[in-house]
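Structural characterization, general
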Amino acid sequence: MSFTSGPSRWTDVWLATAARGVSSCGDFLAASALTLALQSAGAGGLAVSGLLLAATLPLVALAPLTGRLADRVDSRVLLVAAGLGQAAICLALAYAGHPALVIALVALLAAGLAVTQPVLAALVPAMVRAEDLPRAGALNQTAGTLGALAGPALAGLLVGQFGTRVPLLVDAVSYLALVGAGLLIRTRRGGRRSTAPAAGAATPTPAWRFRGDPLLLVMVGSLAAVVAAVGAINVIEVFFIRETLHSSTTVYGLVTGAWTLGIVVGGWLFARLARRLTDDGALLGAGLVLLGGCCLAVLASAAVPTAWLLVPIWLAGGVGNGGDNVFNNLLLARRVPEVARGRAFAIFGAAVQGAGMGGYLIGGLLLEVAAPRSLVAGCGVAGVLVVVAAAWPVRRAVRAERAARPAAGTGRERRAELATPTPSR
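Report on the accompanying structure.

Considerations on the packing of aromatic side chains
- Considering all chains together, one arrives at one aromatic pair under this definition.
- Relative to Phe327, the ring of Phe270 lies with its centre 5.9 Å away and its plane at 80 degrees, an arrangement referred to as edge-to-face. Placement of the pair is Phe270 in helix α12 (residues 249-276) and Phe327 in helix α14 (residues 310-335), with a sequence separation of 57 residues. As far as burial versus exposure is concerned, Phe270 and Phe327 are alike and both buried.

Below, the structure written as structure tokens:
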């Protein structure tokens, strides 16, 4: 699938990386600030899950539209417009008082994220050569996870000192990084060039469909199933850390940041391995093993007597999470035609976010009838069982992929045949 035909554009990679890091910090800063505000005000699990659902539903519902926008509209236009819109919405959110208005604004903020996520994800493969993609992907993931690491910790400090308004104002400023990136990044996708046929092409490229690739279908299905099984932990953790383990808001921010720090470490550790795994089936199998490690970390965390012991456990879980992210992004970039990457990343994100929504709802309901510690253990057990169940369809898909090679050629050969020049301006 199409990567840049010339030297990798590392300046563009760094600009996209900086934009993702700053905006990601703002996203998690706002989410953590609002979650802490609800918990401190005495709201229950249903209120927290409702907030998380509002922040997630647009990512799922709008995926068919935003994926096509990412492929057909100039990436510069989308980044600038979405960044300005999100900054304005977050500014309004800082002064909103009524809970219904807060939830509506959070949903609008997520609608902007539904646009920028596939745009940035599809731009990165267009900036680099195929052999440089694992490194570029690790850089981009590092920025996102460092933002996610800093966001909750910063929220814990700022909410304790100033309340929720200051964190939300900081979040509004962070979205201007997307505007700057949109104006400065030279690599561009979408617009008129995205629909123009390749020069000298005898026949148009067949339409790409996600369900036409069994390996990608199994990858998305297994990941979504695991996220659905353990996703309730995102609602439960604030009550587990703050109430069961009797920790402060600052400790909550620092402890939840341990998982995201592990994602950074895992992204770089497994980026080197990903460059050597030219077999797509091996990437899929390795990703499932890492998902199993994440679920075991969740299960182990249910036994801790103090919040600080969560740090090494969640750090290890985050390492597996980071490695799986690298493998998934590399599989998508390898197997999806360049003109359809925005749609592919949107579908992938929607499947994972939709599964997470189920976990949020379940977590909110279960917190009304069970203690947080037992629910954390239940999430871990459910995740491990799902990984075990997913092993069979993953193995079958890998076997089918390898059996088809003699007729279709190797994955690398197929990608070379389908490669087209990278649209850039």
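Some words on the packing of α14 against helix α15 (residues 341-366)
- Contact geometry for α14 and α15: axes closest at 10 Å, N-to-C directions at 145 degrees. Crossing geometry of α14 relative to α15 is assigned as right-handed. On α15, the residues touching Asn328, Asn329, Leu332 and Ala333 of α14 are Arg341, Ala344, Phe345 and Phe348.
- Its residues placed into classes, the contact of α14 with α15 shows five nonpolar, two polar and one charged.

Regarding empty space enclosed by the protein
- Enumeration over the complete set of coordinates arrives at two cavities of 30 Å³ or more.
- In this structure, the second largest cavity spans a volume of roughly 60 Å³.
- Put simply, the parts of the chain that give the lining of the second largest cavity at least two residues each are α10 (214-230), α13 (280-301) and α14.
- Tallied by class, residues from the lining of the second largest cavity come to six nonpolar, three polar and one charged.

Side note on the side chain of Arg188
- Structurally, Arg188 can be placed in the loop between α8 (176-184) and α9 (192-195).
- Among the polar contacts listed, one links the side chain of Arg188 to the side chain of Asp74, at a separation of 2.2 Å.

Observations concerning the environment of Arg189
- Position of Arg189 relative to the elements: it lies in the loop between α8 and α9.
- Taking the relative accessible area as the measure of exposure, Arg189 reaches 3% and is therefore buried.
- Sequence separation between Arg189 and Val73 is 116 residues, and the spatial gap between their C-alpha atoms is 7.5 Å.
- In contact with Arg189, other than residues within four places in its own chain, are Ala70, Asp71, Val73, Asp74, Ser75, Ala122, Leu123, Glu338, Val339, Arg341 and Gly342.
- Among the polar contacts made by the side chain of Arg189, one reaches the main-chain carbonyl oxygen of Ala70 at a distance of 3.0 Å.

A few points about unusual backbone geometry
- Although it is not a glycine, His246 adopts a positive phi angle of roughly 55 degrees.
- The class for His246 is exposed, based on a relative accessible area of 67%.

Quick look at the nonpolar core
- Ranked by size, the top nonpolar core spans 75 residues in total, and within it Leu216, Met219, Leu284, Phe327 and Leu332 carry the most contacts.
- With eleven residues, helix α5 (residues 99-127) is the single largest residue contributor to this core.
- Within the second largest apolar cluster, 30 residues are counted, among which are Val235, Val238, Tyr252 and Leu375.

Quick word on the state of the cysteines
- Inspection of the entire model under this criterion finds zero disulfides.
- Lacking any disulfide linkage, Cys294 is separated from the closest cysteine sulfur, that of Cys295, by 6.6 Å.
- Take Cys294: its relative accessible area is 8%, and that puts it in the buried class.

Considerations on the side chain of Ser174
- When you line up the elements, Ser174 lands in helix α7 (residues 165-174).
- What makes Ser174 buried here is its relative accessible area of 8%.
- Those residues in contact with Ser174, other than ones at most four positions away along the chain, are Val22, Ser23 and Gly26.

A closer look at a positive patch on the surface
- A grouping of Arg68, Arg72, Arg209 and Arg211 is seen on the molecular surface, where their side chains present a positively charged patch.
- Here Arg72 lies in helix α3 (residues 63-72).
- Among the residues examined, Arg72 registers a relative accessible area of 54% and is labelled exposed.

A short note on the pattern of salt bridges
- What the rule picks out here adds up to five salt bridges.
- In this structure, Asp71 and Arg189 form a salt bridge, with 2.8 Å as the shortest nitrogen-oxygen distance. Separated by 118 residues along the polypeptide, Asp71 in helix α3 and Arg189 in the loop between α8 and α9 bring together distant segments of the chain.
- The residue Arg188 makes a salt bridge to Asp74 at a minimum N-O spacing of 2.2 Å. Here Arg188, found in the loop between α8 and α9, pairs with Asp74, found in the loop between α3 and α4 (75-94); they are 114 residues apart in sequence, far enough to count as distant. Taken as a pair, Arg188 and Asp74 share a single burial class, namely buried.
- Within this structure, Asp213, Asp280, Arg334 and Arg335 form a network of salt bridges that share partners.

The rules we used
Residues numbered from 1 in each chain as written. Predicted model: local features only at pLDDT ≥ 70, side-chain atom pairs only at ≥ 80, totals over all residues. Heavy atoms only, no water. Phe/Tyr/Trp six-rings, centres within 6.5 Å; stacked < 30°, edge-to-face > 60°. Helix = DSSP H or I, 4+ residues; strand = E, 2+ residues; numbered from the N terminus. Buried < 20%, exposed > 50% of the residue type's maximum accessible area, 1.4 Å probe, protein only. Axes fitted to C-alpha atoms, helices over the stretch in contact; angles between N-to-C directions. Left-handed = near helix turned anticlockwise from the far one by under 90°. Contact = heavy atoms within 4.5 Å. Nonpolar A, V, L, I, M, F, W, Y, C, P; charged D, E, K, R; others polar. 1 Å grid on protein atoms, 1.4 Å probe; cavity = no way out; pocket = protein on both sides within 12 Å on 5 of 7 lines; lining within 4 Å. Points joined across faces, edges and corners; volume = space filled by probe spheres on them. Polar contact = N/O pair within 3.5 Å; in protein donor to acceptor, adjacent residues only side chain to side chain. Core = buried A, V, L, I, M, F, W, Y, C linked by side-chain atoms within 4.5 Å. Disulfide = S-S within 2.5 Å. Patch = residues over 30% accessible without salt bridge, like charges linked within 9 Å, V, L, I, M, F, W, Y side chains within 5 Å. Areas by Shrake-Rupley, 256 points an atom, 1.4 Å probe, with all protein chains shown as cover. Salt bridge = Lys/Arg side-chain N within 4 Å of Asp/Glu carboxyl O. Lys, Arg positive; Asp, Glu negative; His and termini not counted. Charge placed at Lys NZ, Arg CZ, Asp CG, Glu CD.

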